[in-house]
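The chain contents come next:
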Amino acid sequence: MTQPAAAPAADELDEAAFGRLKDEIAAYVAAEGEAWTRRIEDERAVPPALREELHERGYLGLAAPRAYGGQGIPFSRYLELLELFSMSHASLRMIVHVANGVWRAVDQFATPEQRDRFVLPAITGDGVVAFTLTEPTAGTGADLRCTVQREGDTYYLSGEKHLITFGLSCDRWLLFARLAGTQGSEGTVALMVERDTPGVRAIDMGESMGVRGTDHAHLVFDRAPVPVANRLGEEGRGLEVAFGGFLTPSRIAVGITCVGLARRAQELSIAHAKERVTFGKPLAGRQAIAFAIAENAADIEAARQLVLHSARRWEAGAPEAATLSSMAKLTAVDMLTRVTDKALQVHGGVGFWNSQAIERVYRDARAQRFEEGTNEIQKTIIARDVLAAGGAS
């Protein structure tokens with residue numbers, strides 16, 4: 001049985017250079033990031049120039065090894081940078097997050113030839129890959145309904161996917177299906193499907209409440225031909241590609257994006273509390289407001305530490321990493337809900353208008369509660385593993 005390739009060794013981190021990069025990204029988010037935010041909200045679309053700019057700055061290959069054309073930043077340290085990007089528009093953050101993560105899922109089972117065709121272009125910016133798991137008529141994971149039938153060296157793919165981020169603007173879909181007639185994880189396959197494959201309809205799902213500008217697709221496959229050579233790993237191991245290679249680290253990464261967006265909400269609420277005067281006194285001087293801001297600060301830091309702990313355990317290959325990733329995502333999402341709600345309340349009624357930055361932050365935050373699995377899915381995973389362990393720690 002073919003084993004997944006060992007992850008490339010982490011490059012040595014130059015702390016001084018990392019510090020400069022961190023300062024650079026913080027400045028970019030505060031300046032160019034705010035300009036892109038206004039443009040995306042006005043145009044209701046992500047201009048192609050944004051992805052090009054992020055690529056030119058090297059921001060789409062931060063976490064990939066230098067041998068692959070990336071910057072070789074270890075995952076747990078990369079999260080410090082993703083936290084900063086997450087203080088900007090959600091669509092900007094989404095581009096950085098997906099580009100720095102999806103290559104990993106492909107790479108772990110890729111042959112050398114597949115690495116050249118699929119992994120390196122995703123890192124260099126020459127090919128956008130969309131993670132394609134969710135289906136309109138099934139749950140997440142082993143409940144896959146998309147099927148393939150093999151005829152010689154070709155799979156014929158049938159079924160539907162939806163809520164696929166970058167599903168319209170990508171070059172390839174990293175898609176998960178099952179051999180017709182199989183159940184559970186048996187027979188699952190991971191396929192790289194080219195965007196121009198015959199027999200595929202990609203339907204725009206329209207504008208969402210938050211994360212405006214990022215396209216989401218509903219995909220319909222009618223015996224779409226996919227070369228067997230585009231399969232990652234062996235038949236029956238598709239979900240290993242999905243969960244171990246992408247969803248576990250991606251859930252951790254989503255956790256840090258919640259921290260970053262919560263930080264932005266906190267910044268906005270502090271600024272407003274200092275500026276807004278009622279009855280001759282700034283809001284910041286009122287105990288109810290000060291306590292809300294204090295609670296938010298503690299909430300943000302607690303979530304950050306759990307997320308970073310989860311990242312370090314995943315880097316170490318710890319068996320509890322998958323459960324920790326669900327814990328981190330669940331905790332961070334709940335934190336973000338509380339923080340943005342209080343931040344909006346600090347603004348009072350004016351925060352409800354789209355002329356205020358907190359209005360967009362509040363909308364974007366709601367999407368995090370189902371990105372990479374709903375809170376209910378995370379609770380199911382955690383409960384299953386905790387109950388199986390019988391209370392052992």
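Described in the following lines is the structure provided in the data block. (Residues numbered from 1 in each chain as written. Predicted model: local features only at pLDDT ≥ 70, side-chain atom pairs only at ≥ 80, totals over all residues. Heavy atoms only, no water.)

The nonpolar side chains of a soluble globular protein tend to be buried with one another. Core analysis: the biggest nonpolar cluster contains 106 residues, and Leu79, Leu157 and Leu174 have the highest contact counts within it. The greatest single-element share of this core, amounting to 15 residues, is contributed by helix 8 (residues 238–275). Discounting residues that sit within four places of it in the chain, Leu79 has contacts with Ile252, Ala253, Ile256, Val307, Leu308 and Ala311. With five residues, the next largest nonpolar core counts Leu283, Ile289, Ile293 and Val346 among its residues. (Core = buried A, V, L, I, M, F, W, Y, C linked by side-chain atoms within 4.5 Å. Buried < 20%, exposed > 50% of the residue type's maximum accessible area, 1.4 Å probe, protein only. Helix = DSSP H or I, 4+ residues; strand = E, 2+ residues; numbered from the N terminus. Contact = heavy atoms within 4.5 Å.)

By secondary structure assignment, the location of Pro47 is in the loop between helix 2 (32–43) and helix 3 (48–56). Residues Pro47 and Ala202 lie 155 residues apart in sequence; the distance between their C-alpha atoms is 20 Å. Ignoring any residue separated from it by four or fewer positions in sequence, one finds Pro47 in contact with Trp36, Arg39 and Ile40.

Direction vectors running N to C along helix 3 and helix 5 (residues 90–99) enclose 50°, while the axes themselves pass 11 Å from each other. In terms of orientation, helix 3 lies oblique with respect to helix 5. In terms of crossing hand, the pair formed by helix 3 and helix 5 is right-handed. Contact with helix 3, carried on its side by Leu50, Arg51 and Leu54, involves Leu92, Ile95 and Val96 of helix 5 and no other residues of that element. For the contact of helix 3 with helix 5, the per-class residue count stands at five nonpolar, no polar and one charged. (Axes fitted to C-alpha atoms, helices over the stretch in contact; angles between N-to-C directions. Parallel < 35°, antiparallel > 145°, perpendicular 65-115°, else oblique. Left-handed = near helix turned anticlockwise from the far one by under 90°. Nonpolar A, V, L, I, M, F, W, Y, C, P; charged D, E, K, R; others polar.)

The relation between two aromatic rings is expressed through the spacing of the ring centres and the mutual angle of the planes. Tallied over the full model, the rule gives eight aromatic pairs. Between Tyr59 and Phe85, the aromatic rings sit 5.2 Å apart at their centres with planes inclined by 65°, giving edge-to-face as the arrangement. Taken together, the positions of Tyr59 in the loop between helix 3 and helix 4 (75–85) and Phe85 in helix 4 put the pair 26 residues apart, joining distant regions of the chain. Given the relative accessible area of 0%, Phe85 is considered buried. Among the aromatic residues, ring-to-ring pairing joins Tyr28, Tyr59 and Phe85 into one connected group. Sitting over the face of the ring of Phe166, Arg51 holds its NZ or CZ atom 4.9 Å from the ring centroid. Against the face of Tyr156 rests Arg223, its NZ or CZ located 4.4 Å from the ring centre. (Phe/Tyr/Trp six-rings, centres within 6.5 Å; stacked < 30°, edge-to-face > 60°. Lys NZ or Arg CZ within 6 Å of the ring centre and 35° of its normal.)

Moving on to the pattern of salt bridges. Tallied over the full model, the rule gives 31 salt bridges. Here Glu135 and Lys161 are joined by a salt bridge, their closest N and O atoms 2.9 Å apart. Of the two residues, Glu135 is situated in the loop between strand 1 (129–132) and strand 2 (147–151) and Lys161 in strand 3 (residues 154–165); the sequence distance between them amounts to 26 residues. Considered together, Glu135 and Lys161 belong to a single accessibility category, that of buried residues. (Salt bridge = Lys/Arg side-chain N within 4 Å of Asp/Glu carboxyl O.)

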